[in-house]
Amino acid sequence: MFKRARIAAKSAARRSTFARRVLAALLAASLLPAAASSVEARDPLLAYGARIVGDDARTRIVIDFDREPRFSVHYIANPERIVVDLPATAFGFSAKDLAARGLFKDIRYGKMDEESARIVLTTAGPVKLALAKVQADETGNGHRLVLDAEMIDKKAFAELVKTQSWSDRTEAAQTTSAIPAPQKAAPGDFVIAVDAGHGGIDTGAIGVDTKTEEKQVTLAFAKALTDRLNKEPGIKAFLTREDDEFLSLSQRVLIARQNHAGLFISLHADTLKQKDIRGATVYTISDKASDKLAADLAERENLSDQIAGKETVAEPPEVADILLDLTRRETQAFSISLAESVLNSFKDQVGTINNPHRHAGFRVLQAPDVPSILLEIGFLSNAEDEKLLLDEAWRGKIAGLLTDAVKRYRAAVIANGG
């Protein structure tokens, strides 16, 4: 009897031990997610590198992480800010690596609580993120967060603030329409950006007799040309500036690209030391100037940003994909075609200088995917040109001839399958 009791006791003990082991295993299994979560909380993301490049039209921020970050983007008004929310993150890069520049006047980042961190980008004006994405580092050592910011207008920014959802954790940045949008451009419309040179604090050249400022002349011509172009079916033209405001050279380029312009025409009326030189000139972009006159003019025009206190920067290779792309050569060929079409329209109708098609490194013509010309309508340094530049009837004549040139150019592009 005692033997049977001992066997029963041993059996019960074995069952108890097995039960305890099963229970322990179950408890361990149930605690695994919490343990992993705890480890994750104790092991935040490491942001180990950062860099910022760009100007007052478009600015790129790149932040390197040790592993893939989740993030969300939101917009705040008064003042305008972009907020990027992250999981717990340790910021290990130097503050100077992310010093504010371009579109941003202040950049702050840090811990929010044990589980989250935040980057706050205070902007110099209304801005959106045209691109916000995470991509794997080429070396396989981590991931990088890429934020491409570009200017928009106040109305578009207000719409961003109004329509966003703070509960949305998607990694895609919200986008909105560009500025200033052409009026009701229909599918298939040929969109043209008409750029009135100078503006605001940058007056441009001054008339030799009347002391008229170039910015006034170019805006009057730009409005006349835009009105004339918009009378043509299938063509929609818009102004890069509609009043006396300063736009940087990069902003002018961006406005054309944002609106998917098929052409960019920048209007100018400069001055020269040689006051006997008069007539129109058409310029296209080139790394090497065609002559000293073109080189000197491009140098003066490219100083526009500095006149307004804007820093002109040569962008490093990191932003080559923002400013240039593989279509540049083809775009230059189209620009030359447009220049030739304009000069054909002017033949026997408008006086031009010797060798009227010239080229140089004009920054306002740098859009890599928009055929562009800079048209010197005439020279305010020449008294006869100045009279014509201020003549409304002559202004209308030039607008008509330019419209004819655009129509021929468009027809040729369509005929070639463009």
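Quick note: structure is the one above.
Scoring rules and cut-offs
Residues numbered from 1 in each chain as written. Predicted model: local features only at pLDDT ≥ 70, side-chain atom pairs only at ≥ 80, totals over all residues. Heavy atoms only, no water. Axes fitted to C-alpha atoms, helices over the stretch in contact; angles between N-to-C directions. Helix = DSSP H or I, 4+ residues; strand = E, 2+ residues; numbered from the N terminus. Parallel < 35°, antiparallel > 145°, perpendicular 65-115°, else oblique. Left-handed = near helix turned anticlockwise from the far one by under 90°. Contact = heavy atoms within 4.5 Å. Nonpolar A, V, L, I, M, F, W, Y, C, P; charged D, E, K, R; others polar. Phe/Tyr/Trp six-rings, centres within 6.5 Å; stacked < 30°, edge-to-face > 60°. Buried < 20%, exposed > 50% of the residue type's maximum accessible area, 1.4 Å probe, protein only. Pairing = 2+ DSSP bridges. Lys, Arg positive; Asp, Glu negative; His and termini not counted. Salt bridge = Lys/Arg side-chain N within 4 Å of Asp/Glu carboxyl O. Core = buried A, V, L, I, M, F, W, Y, C linked by side-chain atoms within 4.5 Å.

Peer 1: Could you give an account of the packing of helix α8 (residues 328–346) against helix α10 (residues 392–415), naming the residues involved and the relevant values?
Peer 2: The geometry of α8 relative to α10 is characterised by a closest axis approach of 8 Å and an angle of 135° between their N-to-C directions. The angle between α8 and α10 falls in the class oblique. Taken as a pair, α8 and α10 cross one another with a handedness that is right-handed. Across the interface between the two elements, Phe334, Ser337, Leu338, Ser341, Val342, Asn344, Ser345 and Phe346 from α8 touch Ile398, Leu401, Leu402, Asp404, Ala405, Arg408, Tyr409 and Val413 from α10. Taken together, the residues of the contact of α8 with α10 sort by class into ten nonpolar, four polar and two charged.

Peer 1: Which residues make up unusual backbone geometry, and what values do they have?
Peer 2: Cis geometry is adopted by the peptide bond preceding Pro79, which originates at Asn78 and carries an omega value of -5°. Looking at the secondary structure, you find Pro79 in the loop between β3 (72–76) and β4 (81–87). Residue placement: Asn78 occurs in the loop between β3 and β4.

Peer 1: Outline the packing of aromatic side chains, supporting the account with residue identities and numerical values.
Peer 2: For any two aromatic rings, the description comes down to two numbers: the centre-to-centre distance and the angle of the planes. For the structure shown, the criterion picks out eight aromatic pairs. Consider the rings of Phe91 and Tyr109, whose centres lie 4.9 Å apart with planes at 45°: the pair is tilted. Of this pair, Phe91 sits in strand β5 (residues 89–91) while Tyr109 is found in strand β6 (residues 104–113), placing the two residues 18 residues apart along the sequence. On the accessibility criterion, Tyr109 (26% relative accessible area) is partly exposed. Summarising the aromatic geometry, the rings of Phe93 and Tyr109 are spaced 5.0 Å apart at their centres and angled 50° between planes, so their arrangement reads as tilted. Within this pair, whereas Phe93 is found in the loop between β5 and β6, its partner Tyr109 is found in strand β6, the two being separated by 16 residues in sequence. Connected via pairs of aromatic rings, a cluster forms that spans Phe91, Phe93 and Tyr109.

Peer 1: Residues and numbers for the sheet that holds β5, please.
Peer 2: Strand pairing in a sheet relies on backbone hydrogen bonds. The paired strands run either parallel or antiparallel. The mixed open sheet is built from five strands, whose spatial order is β5-β1-β2-β9-β8. The open sheet terminates on both sides in strands that have one partner only, identified here as β5 and β8 (127–136). Along the sheet, successive strands turn relative to each other by an average axial angle of 25°, direction set aside.

Peer 1: Hey, could you go over the side chain of Arg395 for me, with residue numbers and the actual values?
Peer 2: Inspection of the secondary structure assignment puts Arg395 in helix α10. The charged side chain of Arg395 is buried without a salt bridge, its nearest counter-charge being Glu392 at 4.7 Å. Leave out the neighbours within four places in its chain, and Arg395 touches Ala220, Phe221, Ala224, Leu389 and Leu390.

Peer 1: Please set out the nonpolar core residue by residue, giving values where relevant.
Peer 2: When a protein is soluble and globular, its nonpolar side chains tend to lie buried together. Formed by 62 residues in total, the largest nonpolar core has its most connected members in Ile61, Ile63 and Ile82. With five residues, helix α4 (residues 249–258) is the largest single contributor of residues to this core. Residue contacts for Ile63: discarding those within four places in its chain leaves Ala47, Gly49, Ala50, Phe93, Leu98, Ile119, His143, Arg144 and Leu145. Core analysis: the next-biggest nonpolar cluster, separate from the first, contains 40 residues, Leu219, Leu267, Leu375 and Leu402 among them.

Peer 1: Which residues make up the environment of Pro187, and what values go with them?
Peer 2: Along the chain, Pro187 falls in the loop between α2 (154–163) and β10 (190–196). Assessed through its relative accessible area of 84%, Pro187 is described here as exposed. Residues Pro187 and Gly234, spaced 47 residues apart in sequence, show a C-alpha to C-alpha distance of 9.2 Å.

Peer 1: A description of the sheet that holds β4 should follow, citing residues and the corresponding values.
Peer 2: Spatially, β3-β4-β7-β6 is the arrangement adopted by the four strands of the open sheet, whose pairing is antiparallel. One side of each edge strand has no neighbouring strand; the edge strands of this open sheet are β3 and β6. Strand-to-strand twist in this sheet, taken as the mean axis angle between neighbours without regard to direction, amounts to 20°. Direction of pairing for β3 relative to β4: antiparallel, over a ladder of five bridges. Bridged to Ile76 within β4 is Arg81. Most of the contacts of α2 go to β3, to which it runs at about 120°, and overall it touches β3 and β4.

Peer 1: How would you explain the pattern of salt bridges if you had to name every residue and give the values?
Peer 2: Going through the model one piece at a time under the given rule, you end up with 22 salt bridges. In this structure, the salt-bridge partner of Glu384 is Lys387, at a minimum N-O distance of 3.8 Å. Here Glu384 and its partner Lys387 are both found in helix α9 (residues 383–389), three residues apart, which amounts to about one turn of the helix. When its relative accessible area of 41% is taken as the criterion, Glu384 is described as partly exposed. The exposed category is assigned to Lys387, whose relative accessible area is 54%.

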